[in-house]
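# Fold and contact review
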Amino acid sequence: MWSIIEQIFPYAIIFTIPLLITALGGLFSERSGIVNIALEGLMVIGAFSGALSIHYMSEVIDNNTLVLWLGLLTAVIAGVLFSLLHAFASINLNANQIISGTAINMIATALTIFLARNITGSGNIRITSGFSPSNVPFLSDIPIIGDLFFTKTYPTTWFVLLILFISSFVLYKTRFGLRLRSCGEFPQAAEAAGINVRRVRYSGVLISGAFAGLGGALIIVTYAGEFTGTVSGLGFLALASLIFGQWKPLGVLAATFFFGFASTIANVSQVIPELAVIPPILLKIFPYVVTLIALVIFSKSSQAPKAVGETFDSGKR
């Protein structure tokens, strides 16, 4: 049993990181009061933008590491720009946030596949090489813990974990975090206190776009290596992780790792002899069944922001 865990654990962490950063993006948006089910589409936009920019920049820049980080930056910018559509529809037009997010998911998939086919002729965009995993010096030599957490890690893993802890600090220890949370709980009271609710909600949605775009690009530069027009439902799994984690950063971390571990079991089952005896179809549906069970169990105790999904018109223009 231990040997199975030891084999799966590094891959589970790799799979968890894009899920974690995307769920964190959803956390900022929903804490501000805006439901963002467009995470899937924003991840697709990020994956496309990252893959395309890396594909072309690698032809003119010799430094592969620099190219990869620039590709991630491009994905972040693309995610921010695309999330403006959801922010404008939800905040300025008071549109139904679920419908707006669904529309963005549909537009993102169709648009990126159309562009990829016109650019490459096949609809796929492959990058020559992504980040290489490596062991963390000294820490990887620690018994048990070193094998689980500090072997075969990507630099992006530590980058995203840094973002996680910065996000937790920002949400609970800064004025911006207090204002963001107040806009998701009592926007009328926040406005009465002099807070520009629309501006704060715009910030939350744009942060979610940046993080989701980054999450999509991380898939390309770590384990996928190719844009295929989909992120296999990770955006919706990130939403489930957000609910499972009760809209709290560390809760989201635990939830995304749980789902990441479940998905990794399904993905690597055929190369591990102990798991190969289990029918593949059972392992493929395992993470989704676990997701549904978790949502059923935790839905009644859900502590979502009270004003999330509600339109707010302050009358200020």
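Above: the structure in question.
Quick look at the structure, then.

Definitions and limits used
Residues numbered from 1 in each chain as written. Predicted model: local features only at pLDDT ≥ 70, side-chain atom pairs only at ≥ 80, totals over all residues. Heavy atoms only, no water. Helix = DSSP H or I, 4+ residues; strand = E, 2+ residues; numbered from the N terminus. Rg over C-alpha atoms; globule rule 2.2 N^0.38 Å. Contact = heavy atoms within 4.5 Å. Areas by Shrake-Rupley, 256 points an atom, 1.4 Å probe, with all protein chains shown as cover. Lys, Arg positive; Asp, Glu negative; His and termini not counted. Charge placed at Lys NZ, Arg CZ, Asp CG, Glu CD. Salt bridge = Lys/Arg side-chain N within 4 Å of Asp/Glu carboxyl O. Buried < 20%, exposed > 50% of the residue type's maximum accessible area, 1.4 Å probe, protein only. Phe/Tyr/Trp six-rings, centres within 6.5 Å; stacked < 30°, edge-to-face > 60°. Expected span 1.5 Å × (residues − 1). Polar contact = N/O pair within 3.5 Å; in protein donor to acceptor, adjacent residues only side chain to side chain. Axes fitted to C-alpha atoms, helices over the stretch in contact; angles between N-to-C directions. Parallel < 35°, antiparallel > 145°, perpendicular 65-115°, else oblique. Left-handed = near helix turned anticlockwise from the far one by under 90°. Nonpolar A, V, L, I, M, F, W, Y, C, P; charged D, E, K, R; others polar. Core = buried A, V, L, I, M, F, W, Y, C linked by side-chain atoms within 4.5 Å.

## Describing the overall build of the chain
Within the chain, the secondary structure is distributed over 13 helices and two strands. Against the 2.2 N^0.38 benchmark of 20 Å for 317 residues, the chain shows a C-alpha radius of gyration of 20 Å, consistent with a compact globule. With respect to the principal axes defined by its C-alpha atoms, the chain has extents near 60 × 45 × 40 Å. In the chain, of all internal contacts separated by at least 6 residues, the share reaching a separation of at least 24 is 77%. By element, 68% of the accessible surface of the chain is carried by carbon and sulfur atoms, the whole surface being about 14,600 Å². A distance of 14 Å separates the average location of the 17 positive side-chain charges in the chain from that of its 13 negative side-chain charges.

## Some details on the pattern of salt bridges
When the charged atoms of two side chains with opposite charge come close together, those side chains can pair. Throughout the structure, instances matching the rule amount to three salt bridges. Between E185 and R31 there is a salt bridge, and its shortest N-O distance comes to 4.0 Å. With E185 in helix α7 (residues 175–185) and R31 in helix α1 (residues 2–31), this residue pair connects regions lying 154 residues apart in the sequence. There is no split in this pair, since E185 and R31 are both buried.

## What about the packing of aromatic side chains?
Geometry of an aromatic ring pair is reported as the spacing of the ring centres plus the angle between the planes. If you walk through the whole model with that rule in mind, you get 13 aromatic pairs. On the numbers, 6.3 Å between centres and 65° between planes, the contact of F9 with F261 is edge-to-face. With F9 in helix α1 and F261 in helix α11 (residues 249–268), this residue pair connects regions lying 252 residues apart in the sequence. What makes F9 buried here is its relative accessible area of 10%. Here the aromatic residues F9, F149, F257 and F261 are joined through ring pairs into a cluster of three or more.

## Here we look at the environment of F258
Within the secondary structure layout, F258 lies in helix α11. Relative accessible area serves as the criterion here: at 37%, F258 is assigned to the partly exposed category. Sequence separation of F258 and T16 is 242 residues, and the distance between their C-alpha atoms is 8.4 Å. With residues up to four places along the chain from it excluded, the contact list for F258 reads F244 and V290.

## Let's talk about helix α4 (residues 97–120)
For an α-helix, 3.6 residues make a turn, and residues three or four places apart therefore share a direction. Between its terminal C-alpha atoms α4 stretches 34 Å, which fits the 34 Å expected from 24 residues at 1.5 Å a residue. Within the span of α4, buried status applies to Q97, S100, G101, I104, N105, A108, T112 and A116. The opening residue of α4 is N96, an N-cap whose side-chain oxygen sits 2.9 Å from the backbone nitrogen of I98.

## Focus on unusual backbone geometry
A positive phi angle is found at I144, which is not glycine, with a value near 65°. Here I144 is to be found in the loop between β1 (125–126) and α5 (145–149). Phi is positive for S232, which is not a glycine, with a value near 60°. Within the fold, S232 resides in the loop between β2 (226–227) and α10 (234–244).

## Re the packing of α10 against α11
One can describe the packing of α10 onto α11 by two numbers: an axis separation of 8 Å at closest approach and a directional angle of 135°. The angle between α10 and α11 falls in the class oblique. Of the two possible hands of crossing, α10 and α11 adopt the one that is right-handed. Of the residues in α11, those in contact with L237, A240, S241, L242 and F244 of α10 are V252, A255, T256, F258, F259 and S263. By residue class, the composition of the contact of α10 with α11 is eight nonpolar, three polar and no charged.

## Overview of α11
Under the 1.5 Å per step criterion, the end-to-end length of α11 is 28 Å for 20 residues, consistent within 8% with the ideal 28 Å. Buried within α11 are the following residues: P249, V252, A255, T256, F259, G260, A262, S263, T264, I265, A266 and V268.

## Quick word on the nonpolar core
I21, L218, V221, F227 and F259 are the most contacted members of the largest nonpolar core, which totals 75 residues. Here this core takes twelve residues from α1, the largest share from any one element. For V221, the residues in contact, after removing those within four places along its chain, are I54, L68, L72, I127, G130 and F131. Formed by eight residues, the second largest nonpolar core is a distinct cluster that contains I8, A12, I265 and I272.

## Quick look at the side chain of S100
Mapped onto the secondary structure, S100 falls in helix α4. For S100, a relative accessible area of 9% corresponds to the buried category. A polar side-chain atom of S100 sits 2.8 Å from a polar atom in the side chain of H86.

## Some details on the environment of V289
The residue V289 is located in helix α13 (residues 280–299) in this model. Between the alpha carbons of V289 and A262 there is a distance of 9.9 Å; along the sequence they are 27 residues apart.

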